[in-house]
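Report on the structure
Spelled out, the chains give:
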Amino acid sequence: MSILLLSACGKSNFKAESKETIGVVKEALNEKAKKPNKKSGDINFYLPFGYEIDEESPNNILLKNGSKQYILFNNPQENKQSEVVYQSTVAQNKDLEINEQFKKNDQFGFLIIKKLEEDMNEMTIGIGGSKITTLIKTSSMKNEAAVMTEMIKSVVNEK
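Residues numbered from 1 in each chain as written. Predicted model: local features only at pLDDT ≥ 70, side-chain atom pairs only at ≥ 80, totals over all residues. Heavy atoms only, no water.

1. Digging into the overall build of the protein chain
- Each helix and strand in the protein chain was counted, giving three helices and ten strands.
- Along the chain direction, N to C, the helices and strands of the protein chain fall in the order α-β-β-β-β-β-α-β-β-β-β-α-β.
- The C-alpha radius of gyration computed for the protein chain amounts to 16 Å, which stays within 12% of the reference 15 Å derived for 159 residues, consistent with globular compactness.
- For the protein chain, long-range pairs separated by at least 24 residues make up 48% of all intrachain contacts whose partners lie at least 6 apart in sequence.
- Counting only carbon and sulfur atoms, one obtains 51% of the accessible surface of the protein chain, whose full area is about 9100 Å².
- Averaged over its 22 positive side-chain charges, the protein chain has a centre that lies 3 Å from the centre of its 22 negative ones. (Helix = DSSP H or I, 4+ residues; strand = E, 2+ residues; numbered from the N terminus. Rg over C-alpha atoms; globule rule 2.2 N^0.38 Å. Contact = heavy atoms within 4.5 Å. Areas by Shrake-Rupley, 256 points an atom, 1.4 Å probe, with all protein chains shown as cover. Lys, Arg positive; Asp, Glu negative; His and termini not counted. Charge placed at Lys NZ, Arg CZ, Asp CG, Glu CD.)

Below, the structure is given as structure tokens:
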């Protein structure tokens, strides 16, 4: 009986957290982009205090903050209204718990969350040709989403 109660609590916790996370991303997408403070190849972007670049390749930047890791993917051929990165991300992932799209005149944003284990999720936030992905505990989703959205919103391609 207690196992049933615990698993039911886990589901409602995910449901509540994901709903709040959607709201946080939607709000952050409407805010003014932070000024880029880092450069990697032809990409300029905002990196908050405590975050650092771990590895770089032409389209991927591995970031870390303590033990947490993030992958920032950028396709410079796609603009902020593009849906190509979103469509390929959805095509690669089955059984998505959250698949939200946010369309505005000047940008196409998205939030994708895939449940991996009881309290672990893969969360991807993107705008146009850029996305950032991390593994995240359910209880940390909304806070992490705010920072990830700040970073992805700030991406500027030099070309």
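2. Quick look at the pairing of strand β6 (residues 98-104)
- Both β6 and strand β7 (residues 107-115) contribute to a ladder of seven bridges, which runs antiparallel. Its bridge partner being in β7, Asn99 is matched across the sheet by Ile112.
- Between β6 and the antiparallel strand that follows it, β7, lie two residues. (Pairing = 2+ DSSP bridges.)

3. A word on helix α2 (residues 84-92)
- Of all the residues in α2, the buried ones are Val85, Tyr86 and Thr89. What you see down the axis of α2 is that its buried residues fit within an arc of 100°, all on one side.
- For α2, the elements touching its buried residues are β5 (68-74), β6, β7, β8 (120-127) and β9 (130-137). (Buried < 20%, exposed > 50% of the residue type's maximum accessible area, 1.4 Å probe, protein only. Arc of directions from axis to C-beta.)

4. Regarding the nonpolar core
- With 27 residues, the main nonpolar core has Phe45, Leu63, Leu72, Leu111, Met123, Ile125 and Ile132 as its most contacted residues.
- Among the elements that take part in this core, helix α3 (residues 141-153) stands out by supplying five residues, more than any other.
- Sequence-distant contacts of Ile132, that is, excluding residues within four places in its chain, are made with Leu63, Tyr70, Ile71, Leu72, Met123, Thr124, Ile125, Met148, Met151 and Ile152.
- Counting five residues, the second largest nonpolar core, distinct from the first, contains Val85, Phe108, Phe110 and Ile112. (Core = buried A, V, L, I, M, F, W, Y, C linked by side-chain atoms within 4.5 Å.)

5. As for the pattern of salt bridges
- Inspection of the entire model under this criterion finds six salt bridges.
- One salt bridge connects Lys68 with Glu144, and the closest N-O pair in it is separated by 3.2 Å. Taken together, the positions of Lys68 in strand β5 and Glu144 in helix α3 put the pair 76 residues apart, joining distant regions of the chain.
- By relative accessible area, which is 34% here, Lys68 ends up partly exposed. (Salt bridge = Lys/Arg side-chain N within 4 Å of Asp/Glu carboxyl O.)

6. With respect to the environment of Asn30
- Counting through the fold element by element, Asn30 comes out in helix α1 (residues 2-30).
- For the pair Asn30 and Gln87, spaced 57 residues apart in sequence, the C-alpha to C-alpha distance is 22 Å.
- Of the polar contacts made by the side chain of Asn30, one reaches the backbone oxygen of Lys26; its length is 3.1 Å. (Polar contact = N/O pair within 3.5 Å; in protein donor to acceptor, adjacent residues only side chain to side chain.)

The quantities given are spatial measurements derived from coordinates; they are silent on function.
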